[in-house]
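Report on the structure
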Amino acid sequence: MLDTSKLMVSVSGVRGRVGDGLTPEVIAWFAAAFGAYARRRGPGTTVVIGRDSRVSGAMFARAATSALQAAGCDVVDVGIAPTPSVQLAVEELKAAGGLAVTASHNPIEWNALKFIGPSGMFLDAEESAEMRALLEGDIPRATWKELGGWREDPGAVDRHVQRILAIPFLDVEKIRSMRFHVALDCVRGAGGTIFPRLLEALGCTVDAINLETDGLFPREPEPIAENLGELEELVRRTGAVVGLATDPDVDRLSLVSEQGKAIGEDYTLALASTLVLRHRPGALVTNLSTSRLMDDVAEAAGVRLFRAPVGEINVARRMQSESATVGGEGNGGVILPDVHLTRDAPVAAALILQLLAETGKPLSELAAGIGRYEIVKEKLPRPSQPLDAVYDALAARFPDAEADRQDGLRLSWPERKSWAHLRPSGTEPIVRIICEAPTREEAQGLVETLREALPE
Ligand code: MG
């Protein structure tokens, strides 16, 4: 057994600091288990592998590739590519699964493996548990004559672009006719492989920073507003109609308005959903921690909003069961089933450009038209009682709130346009609390009220 004490193992993957817990041996071990699982489950024996631009990515991809071949899997290597491009390749090649070597939005010292099933969606809790059970025993290995093959597939990103341009309601000619001036920040992640091609196909003039795919992130790579100062400056300097920022593996998109102000990643999903609902009214799905902006979008369109537990796969599965037209997470992760059931930043960018083209309104005005809320996030000490009892007590203490127990406890007061979500941390003895309300005072007040009501 290898030491996993410094790794973060979750449903969708395994993450660690390079050289401090995360080593080629660990990666190979997980990849071999995944390969054995994928082969058993099928269809076929093909496994797609791709990676973001991290310095350690090629090394870990080679370790994972060797392990997959040793497990009897035929490896198709798409190289440096967005995670959603890897996921699409799994679907297109009718592969048994895929591995994305990426630590997503995490800082430069991290890397990770993410596990993709044959549908192109990440493994869910049950599938992941089945795969990880293989780590406990002797992972089946191929003999010399059953070893898997390896080939490169340089076309995954181009096919991804074509899939986006083929979205049924995307009016490519209309967008092209606008000759949009767009600013772009790919943080030297994998976004540099796809965004210039997509934006060129959409007729945009692009002013870009950090397109190099060398993984030397020049700033914190999470595309939250506070990290986007350079892009804000670029928008102001160039007069772009929008600034686009993505994370290293290109599943999250954050926007800077034409005023040169990062508007917060919650607006990406709200604005993209607004556009999709203009063309196909239907159910929306997001997670329990996402902004009320989505309730407002659903209400304005006269459609239902469903909330799923936090975690992309939970949102995607709920989108399947509700036949949702669009969904995703408030962190800038937009899921459009017309392309696939996973977060996809280039898809989100295309939808935002179409919204600008259709409405003729500036981004700042479109965002202001949806609404404005304040979110406060805090950590509270974890109570000594079992959390189920704590949640029962809190729900009873606030009988005027709607209580949702799918994932921790979410209390909402729709008429006051506010809510609170409590979840335990997986790694620290704390409970995370998120409160949202029309003003910061109200949101902070809600945190304090719940802090006082929390049993010892
Ligand atoms: Mg990501």
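Residues numbered from 1 in each chain as written. Predicted model: local features only at pLDDT ≥ 70, side-chain atom pairs only at ≥ 80, totals over all residues. Heavy atoms only, no water.

**Here we look at the overall build of the chain**
Scanning the chain from terminus to terminus reveals 15 helices and 21 strands. Its C-alpha atoms give the chain principal-axis dimensions of about 65 × 60 × 40 Å. By residue count, 57% of the 456 residues in the chain fall in the buried class. Put simply, 69% of the contacts in the chain that link residues at least 6 apart link residues at least 24 apart. Each charge class in the chain was averaged separately, 49 positive and 64 negative side chains, and the resulting centres sit 2 Å apart. (Helix = DSSP H or I, 4+ residues; strand = E, 2+ residues; numbered from the N terminus. Buried < 20%, exposed > 50% of the residue type's maximum accessible area, 1.4 Å probe, protein only. Contact = heavy atoms within 4.5 Å. Lys, Arg positive; Asp, Glu negative; His and termini not counted. Charge placed at Lys NZ, Arg CZ, Asp CG, Glu CD.)

**Observations regarding the sheet that holds strand β9 (residues 181–185)**
One open sheet accounts for 4 strands, arranged β10-β9-β11-β12; its pairing is mixed. Two strands bound the open sheet, and with one partner strand each, they are β10 (205–209) and β12 (253–256). Averaged over all pairs of adjacent strands, the angle between their axes in this sheet comes to 25 degrees, without regard to strand direction. Bridge count between β9 and strand β11 (residues 242–246): 4 bridges; the pairing is parallel. In the strand pairing of β11, D185 is matched with A245. (Pairing = 2+ DSSP bridges. Axes fitted to C-alpha atoms, helices over the stretch in contact; angles between N-to-C directions.)

**Describing the pairing of strand β13 (residues 284–287)**
Residues L284 and T286 of β13 are buried on one face, and the alternating residues V285 and N287, pointing to the opposite face, are buried as well. Judged from the 4 bridges that link them, β13 and strand β14 (residues 305–308) form a sheet pairing that is parallel. Bridging across to β14, N287 finds its partner in A308. Note that the unit made of β13, helix α10 (residues 293–301) and β14 has a crossover that is right-handed. (Right-handed = clockwise from strand over helix to strand, strands pointing away.)

**With respect to a nonpolar patch on the surface**
A contiguous nonpolar surface patch, about 280 Å² in accessible area, is contributed by V55, I108 and L216. By the secondary structure assignment, V55 is in the loop between β4 (46–51) and α2 (57–70). For V55, a relative accessible area of 60% translates into the label exposed. (Patch = residues over 30% accessible without salt bridge, like charges linked within 9 Å, V, L, I, M, F, W, Y side chains within 5 Å. Areas by Shrake-Rupley, 256 points an atom, 1.4 Å probe, with all protein chains shown as cover. Salt bridge = Lys/Arg side-chain N within 4 Å of Asp/Glu carboxyl O.)

**Comments concerning the state of the cysteines**
One way to say it: the disulfide is the covalent bond shared by the sulfur atoms of two cysteines. In this structure the tally under the stated criterion is 0 disulfides. Free cysteine: C204, not disulfide-bonded; nearest cysteine sulfur from C186 at 13 Å. For C204, a relative accessible area of 11% puts it in the buried group. (Disulfide = S-S within 2.5 Å.)

**Considering the coordination of the magnesium ion**
Coordination of the magnesium ion by the protein is provided by S104 (OG), D247 (OD), D249 (OD) and D251 (OD), with metal-donor distances spanning 2.0 to 2.1 Å. Written as a sequence motif, the donor arrangement for the magnesium ion is S-x142-D-x1-D-x1-D. Residue S104 is located in the loop between β6 (97–101) and β7 (110–116), and its partner D251 is located in the loop between β11 and β12; the two are separated by 147 residues in the primary sequence. Judged by its relative accessible area of 8%, S104 is buried. (Donors = N, O, S within 2.8 Å, 3.2 Å for Na, K, Ca; no water.)

**Looking at the packing of helix α1 (residues 24–41) against α2**
Close contact between α1 and α2 brings their axes to 8 Å; oriented N to C, the two are set at 40 degrees. When the axis of α1 is compared with that of α2, the two are oblique. Considering the relative orientation of α1 and α2, their crossing is right-handed. Of the residues in α2, those in contact with P24, I27, A28, A31, A32, F34 and G35 of α1 are M59, F60, A63, A64, A67 and L68. Among the residues making up the contact of α1 with α2, the classes are represented as 12 nonpolar, 1 polar and no charged. (Parallel < 35°, antiparallel > 145°, perpendicular 65-115°, else oblique. Left-handed = near helix turned anticlockwise from the far one by under 90°. Nonpolar A, V, L, I, M, F, W, Y, C, P; charged D, E, K, R; others polar.)

**Examining the pattern of salt bridges**
A side chain of one charge can pair with a side chain of the opposite charge when the charged atoms of the two come close. Scanning all chains against the criterion turns up 34 salt bridges. Here R343 ties to E312 by a salt bridge, and the two come within 2.9 Å at their closest N and O atoms. Placement of R343 in the loop between β16 (333–335) and α12 (345–359) and of E312 in helix α11 (residues 312–322) is noted, with a sequence separation of 31 residues between them. With a relative accessible area of 8%, R343 lands in the buried category. Residues joined by salt bridges that share partners form a network here, namely R41, D124, E127 and R317.

**A short note on the nonpolar core**
F195, L244, L271 and L353 are the most contacted members of the largest nonpolar core, which has 73 residues in total. With 11 residues, α12 is the largest single contributor of residues to this core. In this structure, this core is formed jointly by two domains, domain 1 (8–154) and domain 2 (160–370), each of which donates at least three residues. When sequence neighbours within four positions are dropped, the list of residues in contact with L353 reads I175, F180, V182, L199, L202, C204 and V242. Counting 34 residues, the second largest nonpolar core, distinct from the first, contains I27, A64, V101 and L113. (Core = buried A, V, L, I, M, F, W, Y, C linked by side-chain atoms within 4.5 Å. Domains from an automatic or database assignment.)

**Concerning the sheet that holds strand β19 (residues 409–413)**
Spatially, 5 strands are ordered β17-β21-β20-β19-β18 in an open sheet, and the strand pairing comes out antiparallel. The sheet is open, and its two edges are formed by β17 (374–381) and β18 (402–404), each paired on a single side. When strand polarity is set aside, the average angle formed by the axes of neighbouring strands in this sheet is 15 degrees. One ladder, built from 5 bridges, connects β19 with strand β20 (residues 418–424); its direction is antiparallel. Following the sheet pairing, W413 is matched in β20 by S418. Running over the sheet, helix α15 (residues 440–453) touches β17, β19, β20 and β21 (430–437) and is turned about 20 degrees from β17.

**Quick notes on the side chain of D344**
Tracing the backbone through its elements, the reader meets D344 in the loop between β16 and α12. It turns out D344 is buried and unbridged, and the closest side chain with the opposite charge, R163, is 8.7 Å from it. Within polar-contact distance, the side chain of D344 engages the backbone nitrogen of V347 at 3.0 Å. If near-sequence neighbours (up to four positions away) are discounted, D344 is found in contact with P84, H160, I164, V250, D251, V334 and V339. (Polar contact = N/O pair within 3.5 Å; in protein donor to acceptor, adjacent residues only side chain to side chain.)

Nothing here speaks to function; it is geometry throughout.
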